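# Survey of secondary and tertiary structure
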Amino acid sequence: DNIRDIPYRTFPTKITYPQIFILAQGKIEIGFDLKRYTFVAPCVFFSGAGRISQYFGTSEDISMPTIVISKQLVKNLQLSYQQLLPLFLFLRDNISIPLNNDELDLLLDHYSLLNKILQSNDSFRIGSARHLVESLILTLGHLAQPHIIKANYKKSRQETIFGEFIGMIPQYYQKERSLNFYAEKMCLTPKHLSEVIKKVSRKSANSLIDNFVCLEAKAMLKSSNMTIQQ
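Residues numbered from 1 in each chain as written. Predicted model: local features only at pLDDT ≥ 70, side-chain atom pairs only at ≥ 80, totals over all residues. Heavy atoms only, no water.

Attention now goes to the overall build of the protein. If you tally the helices and strands in the protein, you get eight helices and eight strands. A compact globule built from 230 residues would reach a C-alpha radius of gyration of about 17 Å, and the protein, at 19 Å, matches this within 12%. Judged by the C-alpha coordinates and their principal axes, the protein covers about 55 × 45 × 35 Å. Here the protein holds 230 residues, and 39% of them are scored as buried. Nonlocal contacts in the protein, meaning residues at least 24 apart in sequence, comprise 72% of its contacts between residues at least 6 apart. If you sum the accessible surface of the protein, you get close to 13,700 Å²; carbon and sulfur atoms cover 52% of it. Across the protein, the 27 positively charged side chains and the 20 negatively charged ones have centroids separated by 8 Å. (Helix = DSSP H or I, 4+ residues; strand = E, 2+ residues; numbered from the N terminus. Rg over C-alpha atoms; globule rule 2.2 N^0.38 Å. Buried < 20%, exposed > 50% of the residue type's maximum accessible area, 1.4 Å probe, protein only. Contact = heavy atoms within 4.5 Å. Areas by Shrake-Rupley, 256 points an atom, 1.4 Å probe, with all protein chains shown as cover. Lys, Arg positive; Asp, Glu negative; His and termini not counted. Charge placed at Lys NZ, Arg CZ, Asp CG, Glu CD.)

Set out below in structure tokens:
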């Protein structure tokens, strides 16, 4: 309920579970993977498992109910991923959905009901919570629809390629760090992919991969007992 109850650390930390943040008031500055974001209320933003986050600060008036979802619950969700694919692709690049007051109230109603269900003694509460999470995700898909259409209309082919490349790094960087691998996965030549990445980001593709590897190393050094050599 209260973001101040969360022991945020100012160094990079790897996120274990998917999270939904409903920013009802104030603003928060936080980093995900290779980007630093400032979110301003009212909006909802997300973090998937495996992302590296870094907390930078909030305004004094912040109100941000947060939902953390277990991996097991995610596996048990009965959703049409084909129907929700546009939402997932949109959030990979945009990470947040701006809200109006009515939309904010709708999400806060979901949150409040979910909270009540989980704190009850109802023997069916886990099943009820799962269905409510499904309802919440479908609602988010609906709220994102106008922004998805707008983003797809404005996005150039080069920006699409760059977004796909950035989205692939967290999936494969632990085993694959060569440009050739990513180019092959995207059905592009390494030269073309390299040129597009350089033009959109003004950084080389290899440097973006290296930056993510270093960020992961920082998170592991800070949040585990592993040595630099390990």
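More follows now that the structure is in view.
Ile20, Val44, Ile97 and Leu107 are the most contacted members of the largest nonpolar core, which totals 29 residues. Contributions of two or more residues to this core are made by strand S2 (19–23), strand S5 (43–47), helix H2 (81–94), helix H3 (101–118) and helix H4 (125–154). With nine residues, the single largest contributor to this core is H4. Setting aside anything within four residues of it in sequence, one finds Val44 in contact with Ile20, Phe21, Ile22, Ile95, Ser96, Ile97, Leu99, Leu107 and Leu140. Core analysis: the next-biggest nonpolar cluster, separate from the first, contains 22 residues, Phe165, Tyr182, Leu193 and Leu208 among them. (Core = buried A, V, L, I, M, F, W, Y, C linked by side-chain atoms within 4.5 Å.)

Right, let's get into the packing of helix H5 (residues 157–172) against helix H8 (residues 205–223). Running from N to C, H5 and H8 point in directions that differ by 35 degrees, and their axes come no closer than 10 Å. As H5 packs across H8, the resulting crossing turns out to be right-handed. Each of Phe162, Phe165, Ile166, Ile169 and Pro170 in H5 lies in contact with H8, whose residues at this interface are Ala205, Leu208, Ile209 and Phe212. (Axes fitted to C-alpha atoms, helices over the stretch in contact; angles between N-to-C directions. Left-handed = near helix turned anticlockwise from the far one by under 90°.)

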